[in-house]
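Structure at a glance
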Amino acid sequence: TYYIDGYAEVVSGGRHRAQLYSVTAAATKIMGTSGYGRDDNNEDTTGSYIKGMFTVTGASEVFEIRHRSNDGGSNIASGYGVPEYYTPIEIWKLD
């Protein structure tokens, strides 16, 4: 059993939601919170939080963080010339 804590953000993305998805099982493991970023060019940044416990069904199970926005919102680079991180995720293995 594992625990995930993270979020996926969007700028001016209207309604959006992220999920932990098992590609192997073709199933959502954890659905993130619903978010809303105004789409009127105010460049609001909001997050969809993914938190909870999940199990791995096989040694080679493949996961993705999927994030959908109803109007194609994205993120804005900081411009500091360093790698950008838009989806910080932490995963712990539980005993």
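In what follows, the structure referred to is the one given above.
A short tour of the structure in this document, coming up. (Residues numbered from 1 in each chain as written. Predicted model: local features only at pLDDT ≥ 70, side-chain atom pairs only at ≥ 80, totals over all residues. Heavy atoms only, no water.)

Turning our eyes to something else, we now look at the pattern of salt bridges. Counted under the stated rule, the structure contains 3 salt bridges. Asp5 is the salt-bridge partner of Lys51, the closest N and O atoms lying 3.3 Å from each other. With Lys51 in strand E4 (residues 45-54) and Asp5 in strand E1 (residues 2-11), this residue pair connects regions lying 46 residues apart in the sequence. When its relative accessible area of 48% is taken as the criterion, Lys51 is described as partly exposed. Overall, Asp5 belongs to the partly exposed group, its relative accessible area being 24%. (Salt bridge = Lys/Arg side-chain N within 4 Å of Asp/Glu carboxyl O. Helix = DSSP H or I, 4+ residues; strand = E, 2+ residues; numbered from the N terminus. Buried < 20%, exposed > 50% of the residue type's maximum accessible area, 1.4 Å probe, protein only.)

Further remarks concern the nonpolar core. Soluble globular proteins: nonpolar side chains tend toward being buried together. Within the largest apolar cluster, 7 residues are counted, these being Ile4, Ala8, Ala18, Leu20, Ile30, Ile50 and Phe54. Looking at this core, the elements with two or more residues in it are E1, strand E2 (14-22) and E4. With near-sequence residues (within four places) excluded, Ile4 lies in contact with Leu20, Ile30, Ile50, Lys51, Gly52, Phe54, Ile65, Ile89, Glu90 and Ile91. (Core = buried A, V, L, I, M, F, W, Y, C linked by side-chain atoms within 4.5 Å. Contact = heavy atoms within 4.5 Å.)

Attention shifts here to a nonpolar patch on the surface. Taken together, the side chains of Met53, Trp92 and Leu94 define a hydrophobic patch exposed on the protein surface, amounting to about 310 Å² of accessible area. For Trp92, the position within the fold is in strand E6 (residues 89-93). (Patch = residues over 30% accessible without salt bridge, like charges linked within 9 Å, V, L, I, M, F, W, Y side chains within 5 Å. Areas by Shrake-Rupley, 256 points an atom, 1.4 Å probe, with all protein chains shown as cover.)

Structurally, the position occupied by Glu61 is in the loop between E4 and strand E5 (63-69). A residue is classified by how much of its surface remains accessible, and Glu61, at 11% relative accessible area, is buried. A distance of 2.6 Å separates a polar atom in the side chain of Glu61 from a polar atom in the side chain of Ser22. Residues contacting Glu61, with those up to four places away along its chain left out, are Ser22, Thr24, Ala25, Lys29, Thr55 and Val56. (Polar contact = N/O pair within 3.5 Å; in protein donor to acceptor, adjacent residues only side chain to side chain.)

Counting buried positions along E2 gives 7 out of 9 residues, so the element sits mostly inside the fold. Alignment of E2 against strand E3 (residues 27-37), held across 8 bridges, turns out to be antiparallel. Bridge assignment links Arg17 to a residue of E3, and that residue is Ser34. Adjacent in sequence and paired antiparallel, E2 and E3 are bridged by 4 residues, among which Ala26 carries a positive phi angle near 50 degrees. (Pairing = 2+ DSSP bridges.)

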